[in-house]
Amino acid sequence: MAHAIDDKNFRLPLSIRPRRYAATLTLDMEAKTFTGQQTIELELEKPSNEIVLHAIALQLGEVTFRAGNGRSIKPTELRPVQVSETVVLRFGEQLPAGAAALDVAWTGRFTEGLRGLYAAGKVAATQFEAADARRLFPCFDEPAFKARWALTVRVPPGLTTLANGALVKDEQDGNLRKLTFQETEVLSSYLVALVCGPLVGTPEEKVQGIPVRTWALPEKAHLTRFGQDAALVVLPRLQEYFGLPYAFGKVDQVGIPDFEAGAMENAGLITYREIALLLDPAAAPLSVQKRVAEVVTHELAHQWFGNWVTMVWWDDLWLNEAFATWMAYKIVDGWKPDWRVWLDFDAGKAAAMNLDALRSTHPIRGEVRNAHEAGESFDLITYEKGGAVLRMIEGFLGEDAFREGMRQYMREHARSNAVADDLWRALANASSQPVLELANAWIGQNGYPLVSVALDGRTATLSQQRYYSEPGVRSGERWPVPMVLRYADAGGVREQRVLLRDAQTRVTLEGSGEVRWLCANAGSTGFYRVQYDALTLEHLSANLAALAPSERISLLADQWALARSGQATVVAFLDLAGRFGNEEDDAVLDELVGRLAYVEGRLVEGEDQKRFQRWVEKLLGVGLRKLGWNAAPGESDRVKLRRAALVRAVGGVARGAEALGEARPRVLRMLDGDKGVLEPNLLDAAVGMVARSGDRALYEKLLEKMPGEPDPATQRRYLLALTAFEDPALAEAAQKLFFTDKVKMQDAASFVTGLMGNRTGRDAWWAEMQKRWQDVLGRTGRAPMLVRRVVEALGALRDRKQLDEARKLLASQPVEEAKQATEQTLEKLALDVALRERAMPEVSAWLKRQP
């Protein structure tokens, strides 16, 4: 259904299309204003007496329509329509069909937030996705309207200016430099970009003929090498996977000092939050290195999937993001197999499963009526569940058939737009498998299954029902569930594949002899949870060493999920956790420590909290004492990460005096310049736990060092440590700091999350947030991603009174940019409060029984 122009769901008519933009922009960096002139080459399918462009807060000047026969026609009316973010150019006669040109002049101001063209400190940068190109250009700002862009920019001398295309001409123009950039391939408007500021770049290096440079502010230039190397390694791997050369001429990667998202895949000019691009490999924890490699690869994957072939409308945004998420892990795993990045992928999948277990979840592909609703689609369901479903489909089809289908899709839709079904058809052609059935069942339907497993001899009874976190909720959905069963019998360890379509089925396990144990989600590649019968669970728990790390993680996560949904007890989970005292795998320890942190923070208090802390220290402290705090020469990453997980457990969760005694002098020496005193992977945990019990001198030292720290990960570590101080006066000081420019706009949501996690300051901060809710939201610049994260931070509240207060606040002062996040946060908080009320007595009784 077409929507009227005064409706927020209005979409541009397809009968008038841009073919090319030739635009000149003049930036006034001091006044933070700009002027623009452009010629849009158009194609009119039929005569029309109006042209509709998107524009927000732009003052249009001279406008002229030039018909194909050379005749010029001026509009009789320029009517801005605020609700649809458009301007209607109305003409006194019918404009003829065919090729034409539209000349437009305009002026505007830099945006105050982190969208459109905005000031990030000394750097002017653009961020257009989903629909903010209209803040800089009057344009056809929907993804279906792909066109070539020829940009010229007039800027003050002495600044680096980058655009999608390479610089082809640099000339003096009065007091300004006039820079002309290479015309682009056809692009949707959200992929156009511009950056201007005192940036320095790595020397140009070419890989398979593609020039690559990485840019940063001068004081951070020494942190660009890792991101540059990642791009040089990844580009040939992506070209090989797609069977297509890179299309956008060059790659510039730029660290932006204030940035809403992690990064943005603008064609040929990828912009990053500094922490997602810049690092010192000698001092960066492995988690930071992996994150930079994954983000760089994600954005480069988009150059094909998203930029070369683009979705028609935002309802297929999920496919762009899910594909780039999955692809990044696949490529990085091939480059650095010892990093075991698929276990990090599983951690993201687990977070998506938590969200997808709510009533208020949404399907991977849902209705998107306007660009603002598209903004709410940048969530865990889009990225992580979408990526996990693609991985599951690849596992079902096989790597070769999946890649061939992907190559067909890229060839068939080159330079144009496509929908998800185009991809499924290409994959079906390449594999001769029912891809459409499998894909659409998982993509169009909310939630995921809980598969129950009962083993009787060699017969496994498998049944499925939708999993909800809320106890007692049932519904009848079913999925085609591709399962891989792994089990041990007299012949050794076997695997058997099953496609579970029905509500229940019986499977005879191949082989002979007694089945010693059975894992019903081999390799943890399936997007489902498993509930074992009591005996099968006991056999699995008694054979933990036989399971892969990913399977041990799934076992813990699934048992915790069953406790949350009331299908098992928290005590049963703690009994299982007690079997992991000798666990040596860092990824499994991370999962365990995360669950124990939840119990310590929410399900125990007073003496029970101290008892639980002692239990955690007894369980995992031996492992830390055995390893010690100092890395041995030549020690592997696996051992370093195991130590880090144990420090988080013993120092962070258990608050062990011995661990704190080790950490405090090391942190103080590190702040005084002794960089080698703490192994890099211990930095986050050690600084956080020392800050928690720190004094004013430490608070002031962190506050003093934080702004001038060039390394973004270190700067963020110090910033968030300021939220951790539990001395009431220092907790209050951090709360006041939030409302100052010491906390950048990009960091406002993380800072709120930190303050909400401070157990002595939380109640006072929550009272302040309720009084100053609009001010709190305002500190994000109303950037949609950041606003949603502020809403999600309310999930750290604890009891029913606070739940009621949160409901009241969000009902009386609703956050339009975060309707979905509001619903999900309140539902999750209600479940957390109910679990606290239900589980505290049983956990208390269990603790009293522990030796």
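We now turn to the structure provided with this report. Here the structure is a predicted model, which is why all the values come from computation and not from measurement. (Residues numbered from 1 in each chain as written. Predicted model: local features only at pLDDT ≥ 70, side-chain atom pairs only at ≥ 80, totals over all residues. Heavy atoms only, no water.)

Topic: the overall build of the protein
No. 1: The secondary structure content of the protein amounts to 26 helices and 30 strands.
No. 2: Counting only C-alpha atoms and orienting by the principal axes, one finds that the protein spans roughly 90 × 65 × 55 Å.
No. 3: The buried share of the protein, taken over its 851 residues, is 60%.
No. 4: Surface accessibility of the protein: about 31900 Å² in total, with carbon and sulfur atoms responsible for 49%.
No. 5: The protein carries 106 positive and 113 negative side-chain charges, and their two centres are separated by 2 Å. (Helix = DSSP H or I, 4+ residues; strand = E, 2+ residues; numbered from the N terminus. Buried < 20%, exposed > 50% of the residue type's maximum accessible area, 1.4 Å probe, protein only. Areas by Shrake-Rupley, 256 points an atom, 1.4 Å probe, with all protein chains shown as cover. Lys, Arg positive; Asp, Glu negative; His and termini not counted. Charge placed at Lys NZ, Arg CZ, Asp CG, Glu CD.)

With respect to the nonpolar core
No. 1: Judged by nonpolar contacts, the single largest core of 308 residues is most densely connected at I51, F65, F137 and W424.
No. 2: At 12 residues, the largest contribution of residues to this core is made by helix α3 (residues 317-335).
No. 3: When near neighbours in sequence (up to four residues on either side) are disregarded, I51 contacts I16, L42, F65, V87, V88, L89, F91, L95, L102 and F140. (Core = buried A, V, L, I, M, F, W, Y, C linked by side-chain atoms within 4.5 Å. Contact = heavy atoms within 4.5 Å.)

Notes on the sheet that holds strand β6 (residues 77-81)
No. 1: Spatial ordering of the open sheet is given by β3-β7-β6, a layout of 3 strands whose pairing is antiparallel. Of all strands in the sheet, those bounded by a partner on one side alone are β3 (48-54) and β6. Direction aside, neighbouring strands of the sheet carry axes that sit 25 degrees apart on average.
No. 2: As paired elements, β6 and strand β7 (residues 86-95) share 5 bridges and run antiparallel to each other. Bridging from a neighbouring strand, V81 pairs with T86 of β7. (Pairing = 2+ DSSP bridges. Axes fitted to C-alpha atoms, helices over the stretch in contact; angles between N-to-C directions.)

Looking at the environment of R516
No. 1: Topologically, R516 is positioned in the loop between β28 (504-508) and β29 (517-519).
No. 2: Residue R516 is classed as partly exposed on the basis of its relative accessible area, which comes to 43%.
No. 3: Between the C-alpha atom of R516 and that of N543, which follows or precedes it by 27 residues, the distance is 8.8 Å.
No. 4: Setting aside residues up to four positions removed in sequence, R516 forms contacts with A488, D489, A490, H539 and N543.
No. 5: At 3.3 Å, the side chain of R516 and the backbone oxygen of D489 are in polar contact. (Polar contact = N/O pair within 3.5 Å; in protein donor to acceptor, adjacent residues only side chain to side chain.)

Focus: the sheet that holds strand β11 (residues 148-155)
No. 1: Here 8 strands make up an open sheet; going across it, the order is β5-β4-β8-β2-β1-β11-β14-β13 and the pairing mixed. If you trace the sheet from one side to the other, it starts and ends with β5 (72-73) and β13 (167-173), each paired once.

Looking at the side chain of E583
No. 1: Along the chain, E583 turns up in the loop between α12 (570-577) and α13 (586-603).
No. 2: A distance of 2.8 Å separates polar atoms of two side chains, one belonging to E583 and the other to R552.
No. 3: E583 has contacts with R552, V588 and L589, leaving out every residue within four places of it along the chain.

Digging into the packing of aromatic side chains
No. 1: Under the counting rule described, the total for this entry stands at 35 aromatic pairs.
No. 2: Here the aromatic rings of Y246 and F248 are separated by 5.9 Å at their centres, their planes lie at 80 degrees, and the arrangement is edge-to-face. The same class applies to Y246 and to F248, which are both buried.
No. 3: Pairing Y448 with F527 gives two aromatic rings, centres 5.4 Å apart and planes at 85 degrees, and the pair type is edge-to-face. With a gap of 79 residues between them, Y448 in the loop between α9 (435-443) and β24 (449-456) and F527 in the loop between β29 and β30 (529-532) connect regions that are remote in the sequence.
No. 4: Given a relative accessible area of 0%, Y448 falls into the buried group. (Phe/Tyr/Trp six-rings, centres within 6.5 Å; stacked < 30°, edge-to-face > 60°.)

Here's the deal with the pairing of strand β27 (residues 492-500)
Every regular strand shows the same layout, with side chains that alternate between the two sheet faces.
No. 1: Pairing geometry for strand β26 (residues 481-489) and β27, over 9 bridges, is antiparallel. Pairing of A488 across the sheet is with V493, part of β27.
No. 2: The antiparallel pairing of β26 with β27 creates a hairpin that spans 2 residues between the two strands.

Some words on the pattern of salt bridges
No. 1: Scanning the model with the defined rule gives 69 salt bridges in all.
No. 2: One salt bridge in this structure joins R66 and D103, with 2.7 Å as the shortest N-O distance. With R66 in strand β4 (residues 59-67) and D103 in strand β8 (residues 98-109), this pair connects stretches of sequence that are 37 residues apart.
No. 3: R772 is the salt-bridge partner of D775, the closest N and O atoms lying 3.1 Å from each other.
No. 4: What makes D775 partly exposed here is its relative accessible area of 40%.
No. 5: Residues joined by salt bridges that share partners form a network here, namely R340, D585, D586 and R638. (Salt bridge = Lys/Arg side-chain N within 4 Å of Asp/Glu carboxyl O.)

Focus: the packing of α13 against helix α26 (residues 819-849)
A pair of packed helices is captured by two measures, namely the crossing angle of their axes and the spacing between those axes.
No. 1: Viewed as axis vectors pointing N to C, α13 and α26 meet at an angle of 90 degrees, and their least axial separation amounts to 10 Å. One way to sum up the angle between α13 and α26 is to call them roughly perpendicular. Across the interface between the two elements, Y598, R602 and L603 of α13 pack against D832, L835, R836, A839, M840 and V843 of α26.
No. 2: Of the residues assigned to the contact of α13 with α26, the class counts are 6 nonpolar, no polar and 3 charged. (Parallel < 35°, antiparallel > 145°, perpendicular 65-115°, else oblique. Nonpolar A, V, L, I, M, F, W, Y, C, P; charged D, E, K, R; others polar.)

Points about the side chain of S360
No. 1: Mapping S360 onto the fold places it in the loop between α4 (341-356) and α5 (371-375).
No. 2: Of the polar contacts made by the side chain of S360, one reaches the side chain of E827; its length is 2.6 Å.
No. 3: Those residues in contact with S360 that sit more than four places away from it in its chain are E823, Q824 and E827.

Observations regarding unusual backbone geometry
No. 1: A cis geometry characterises the amide bond from E129 onward to A130, with omega recorded as 10 degrees.
No. 2: Phi at S524 is positive, roughly 55 degrees, even though this residue is not glycine.
No. 3: With respect to the secondary-structure elements, S524 resides in the loop between β29 and β30.

Considering the packing of helix α25 (residues 800-812) against α26
No. 1: At a minimum axis distance of 10 Å, the contact between α25 and α26 shows a crossing angle of 170 degrees. Between α25 and α26, the crossing angle belongs to the class labelled roughly antiparallel. For the pair formed by α25 and α26, the contact residues are R800, L803, A806, R807 and L810 on the first element and T822, L826, L829, A830, V833, A834 and E837 on the second.
No. 2: A class-by-class count of the residues in the contact of α25 with α26 yields 8 nonpolar, 1 polar and 3 charged.

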